[in-house]
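Each chain, written out:
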Amino acid sequence: GADLSRANLGNANLSGADLSGAVLTKTYLTQANLGDARLTGADLSQAILTDADLSGADLSGAQMAGAYLELANLAGANLAGAVLTGANFTSANLTGANLNGADFTDAVLVGSDLEGATLEQAVFCRTIMPDGTPRSEGCP
C-alpha cells in the first residue's frame, strides 16, 4: 500500500478510496471524508482522525493503536479484528459498527455511541466505557 505517513490530509475527500494496506502512521486526517473507504489492514497508528467521517469504512484488521478518533463518525464501519489499543474514541459515533474481535485495551470510549454495534470477542482491558466507567476483561 501507499505510504502516507505524517501527511496532512485534513479535510480531504477520500470517500470510497481503496487504501488497503496503506501506511497512514501519524497522518493528519481531521475532518477528512473517508466514508465507505477501504482501509483493510491499513496502519493508522497515532493518526489524527478527529471529526473525520469513516461511516461505512472497512477498517478490518487495521492497526489503529493510539489513534485519535474524537467526534469521528464510524457508523456502520467494519473494525473487525482491528487493533485499537490506546485509541481515543471520545464522543465518536460507533452505531451499528462491527467491532467483533477488536482490541480496545487502554482505549477511551467516553460519550461514544455503541448502539447496535457488535462486540463479540472484543477485548476491553483497562478500557474507559461510554458512561465513564472502567472495564477490564480479557486482559492478558
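One structure accompanies this document, and this report is about it. These numbers were taken from a predicted model, which means no experiment stands behind them. (Residues numbered from 1 in each chain as written. Predicted model: local features only at pLDDT ≥ 70, side-chain atom pairs only at ≥ 80, totals over all residues. Heavy atoms only, no water.)

## Focus: the pairing of strand 2 (residues 134–137)
To be explicit about the condition: Two strands make a pair as long as DSSP finds a minimum of two bridges between them. Secondary structure elements follow DSSP: runs of H or I no shorter than four residues count as helices, runs of E no shorter than two count as strands, and numbering proceeds from the N terminus.
Here strand 1 (residues 124–128) pairs with strand 2 via three bridges, running antiparallel. Looking at the pairing, F124 lines up with E137 of strand 2. Taken together, strand 1 and the strand that follows it, strand 2, pair antiparallel across an intervening segment of five residues, in which G132 is found at a positive phi of about 90 degrees.

## Here we look at unusual backbone geometry
Trans is the prevailing form of peptide bonds, just as negative phi is the prevailing case for residues other than glycine. Notably, Q31 is not glycine yet its phi reads approximately 60 degrees, a positive angle. Within the secondary structure, Q31 is located in the segment before strand 1. One non-glycine residue with positive phi stands out, namely Q121, at about 60 degrees. Examined against the element boundaries, Q121 turns out to sit in the segment before strand 1.

## Examining the packing of aromatic side chains
The criterion, for reference: Between rings of Phe, Tyr and Trp, where Trp is taken as its six-membered ring, a pair exists when centres lie within 6.5 Å; planes separated by under 30 degrees are stacked, by over 60 edge-to-face, and by other angles tilted. Exposure is judged per residue with a 1.4 Å probe applied to protein chains only, and the accessible area is read against the type maximum: over 50% gives exposed, under 20% gives buried, and values in between give partly exposed. A ring is considered to have a charge above it if a Lys NZ or an Arg CZ atom is located within 6 Å of its centre and within 35 degrees of its normal.
Counted under the stated rule, the structure contains two aromatic pairs. Considering the side-chain rings of F104 and F124, the 5.2 Å spacing of their centres and the 5 degrees angle between planes classify their relative orientation as stacked. Residue F104 is found in the segment before strand 1, and its partner F124 is found in strand 1; the two are separated by 20 residues along the sequence. F124 gets classed as buried once you look at its relative accessible area, which sits at 2%. Every member of this aromatic cluster is reached through a ring pair, and the members are F89, F104 and F124. Above the ring of F124, the side-chain terminus of R135 is found at 4.2 Å from the ring centroid.

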